[in-house]
Amino acid sequence: MMRRMTWIAAGLAALLGIAGLAEGVARAAEPLAKTLFGAQRLPAAAAPKSYGFYSKGCFAGGVAIGVDGPNWQAMRLSRNRRWGHPAMIATLEKLSREAAADGWPGLLIGDISQPRGGPMLTGHASHQIGLDADIWFTPMPDHRLSESEREKLGAESMLKGDSLYVDDRKWTPAHAAVLKRAASYKEVERILVHPGIKKKLCDTVQGDRTWLRKVRPFWGHDAHFHVRIGCQPGSVGCKAQDAVPKGDGCDKSLAWWFTEEPWRPATGPAQPRARDIMTMASLPRECRAVLDAAAPASETAVTVHGRAAQAAVAPVTAAASAGAAQAGRTVGEVISELGYAPLPERGVPLPKPRPDR
Ligand SMILES: [Zn+2]
């Protein structure tokens, strides 16, 4: 019955010329990559490496940012997306500290990645290789949020009503300062914000404007900004993104966002989302090894709490146990103590050839 329905659906899709859907239906027997990666609770205990592209890949050696840090609180804990490449987590920890010194009350951290990256069951085309993170424009409140507040509290849009423009009652110089701080980091290649926010920066930033180049307009991102760092050393399988265009971006590329075109509803048959058709065959082959790799001893063992916090990093190796009670260790120290081994080079299964149809 199932098979017949599949064929009918495939035939129908082919008839309608929805190639992607037909392919998706034909592959339905293979589990979707989002299901496999979405089920992972802990990272792959291996040397930190990103494989593939931001929107098509996975990563090993992930660490989690603590639920609470001296200058941050993580949101939506139920999603289990507090995981990233150690360099991403280190960048967030540094930003939280330096933004606090600039006067920002602290970061509310949204989604980073799943423990082993990969496509997600819901939301986000990117965030797959541990090098993307969302940070709310809402400043951190002065109290520790309860778990349910972290689920229910909404990030406030910076826009005025349904317009494409920033609400000046919400936007402050401190918002611009936290973006500037993030853009100042060498490892940060792009920061995505709503076009209205980019425009606000273009219209108001005085003095040094070079950092505006990294701040790029994109749909969404009116209540949070998205920080993307580059491929990290040692990740040979990581595919770099295109360099940001030269200049501050306050040009016709921004003006385009204020035309009708980007907001026009799509015409033609609906295309399935990539995450709804991607199987393991769509991802770099190393992602199978990432999926199969052993997990670290516990989540605590691979959680980063920040310099000023009491380290709650449990020992996972004999060498680590000696220093485990020490407070305030850096991400680098945590990683080196984990003694993560590289993924085995052999035994990486080759992608199964798909039968021709
Ligand atoms: Zn994002």
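Parameters and conventions
Residues numbered from 1 in each chain as written. Predicted model: local features only at pLDDT ≥ 70, side-chain atom pairs only at ≥ 80, totals over all residues. Pairing = 2+ DSSP bridges. Helix = DSSP H or I, 4+ residues; strand = E, 2+ residues; numbered from the N terminus. Contact = placed C-beta atoms within 7 Å. Axes fitted to C-alpha atoms, helices over the stretch in contact; angles between N-to-C directions. Buried ≥ 20, exposed ≤ 12 C-beta atoms within 10 Å, placed from the backbone. Parallel < 35°, antiparallel > 145°, perpendicular 65-115°, else oblique. Left-handed = near helix turned anticlockwise from the far one by under 90°. Nonpolar A, V, L, I, M, F, W, Y, C, P; charged D, E, K, R; others polar. Expected span 1.5 Å × (residues − 1).

**A word on the sheet that holds strand S6 (residues 83-84)**
Then, number 1: Pairing in this open sheet of three strands is mixed, and the strands run S6-S3-S12 from one edge to the other. Two strands lie at the open edges of the sheet, namely S6 and strand S12 (303-304), each paired on one side alone.
Then, number 2: Of the pairings in the sheet, the one linking strand S3 (residues 63-65) to S12 comprises two bridges and is parallel in character. By the bridge assignment, Ile 65 is partnered in S12 with Val 304.
Then, number 3: Each of S3, S6 and S12 touches helix H4 (residues 86-102); the most contacted strand, S3, lies at about 20° to it.

**Regarding helix H7 (residues 195-204)**
Then, number 1: Burial runs high along H7: seven of the 10 residues are buried.
Then, number 2: Those residues of H7 that fall on the buried side of the exposure criterion are Pro 195, Gly 196, Ile 197, Lys 198, Lys 199, Lys 200 and Leu 201.
Then, number 3: On its buried face, H7 is in contact with helix H6 (173-183), strand S9 (188-193), strand S10 (215-217) and helix H8 (252-255).

**Some details on unusual backbone geometry**
Then, number 1: The residue His 124 is not glycine, and still its phi comes out positive at about 55°.
Then, number 2: Its location among the elements puts His 124 in the loop between strand S7 (107-109) and strand S8 (132-136).
Then, number 3: Here the phi dihedral of His 221 falls at roughly 55°; this positive angle occurs in a residue that is not glycine.
Then, number 4: Relative to the assigned elements, His 221 resides in the loop between S10 and strand S11 (224-229).
Then, number 5: Taking the number of C-beta atoms within 10 Å as the measure of exposure, His 221 has 22 and is therefore buried.

**Observations concerning the packing of H4 against H6**
Then, number 1: Where H4 meets H6, the closest approach of the two axes is 10 Å, and the angle between their N-to-C directions is 140°. Judged on the interaxial angle alone, H6 and H4 are oblique. At the point where H4 passes H6, the crossing takes the right-handed sense. Here Leu 95, Glu 98, Ala 99 and Asp 102 of H4 come into contact with H6, specifically with Ala 177, Val 178, Arg 181 and Ala 182.
Then, number 2: Looking at the contact of H4 with H6 residue by residue, the class counts come to five nonpolar, no polar and three charged.

**Things to note about the pairing of strand S1 (residues 49-53)**
Then, number 1: Across the five residues that make up S1, a large majority, four, are buried.
Then, number 2: In this sheet, strand S2 (residues 56-60) lies alongside S1 in antiparallel orientation, the contact comprising five bridges. If you follow Lys 49 over to S2, its bridge partner there is Ala 60.
Then, number 3: A loop of two residues connects S1 with S2, the two strands running antiparallel in sequence.

**Focus: H4**
Then, number 1: For H4, built from 17 residues, the straight-helix expectation of 24 Å at 1.5 Å per residue is met to within 8% by its first-to-last C-alpha distance of 24 Å.
Then, number 2: Looking one or two places after H4, you find Gly 103, whose phi comes out positive at around 110°.

**Some words on the environment of Pro 105**
Then, number 1: Relative to the assigned elements, Pro 105 resides in the loop between H4 and S7.
Then, number 2: Along the chain, Pro 105 and Ala 174 lie 69 residues apart, while their C-alpha atoms are 9.5 Å from each other.
Then, number 3: Filtering out sequence-adjacent residues up to four positions away, Pro 105 remains in contact with Pro 139 and Met 140.

**Topic: the environment of Ala 125**
Then, number 1: Here Ala 125 shows up in the loop between S7 and S8.
Then, number 2: As for Ala 125 and Arg 273, which are separated by 148 residues in sequence, their C-alpha atoms are 8.6 Å apart.
Then, number 3: If near-sequence neighbours (up to four positions away) are discounted, Ala 125 is found in contact with Ser 55 and Ala 274.

**Here's the deal with the environment of Arg 169**
Then, number 1: Assignment of secondary structure puts Arg 169 in the loop between helix H5 (147-152) and H6.
Then, number 2: Using a count of 7 C-beta atoms within 10 Å as the deciding quantity, one classes Arg 169 as exposed.
Then, number 3: Arg 169 sits 10 residues away from Leu 159 along the chain, and the two C-alpha atoms are 9.6 Å apart.

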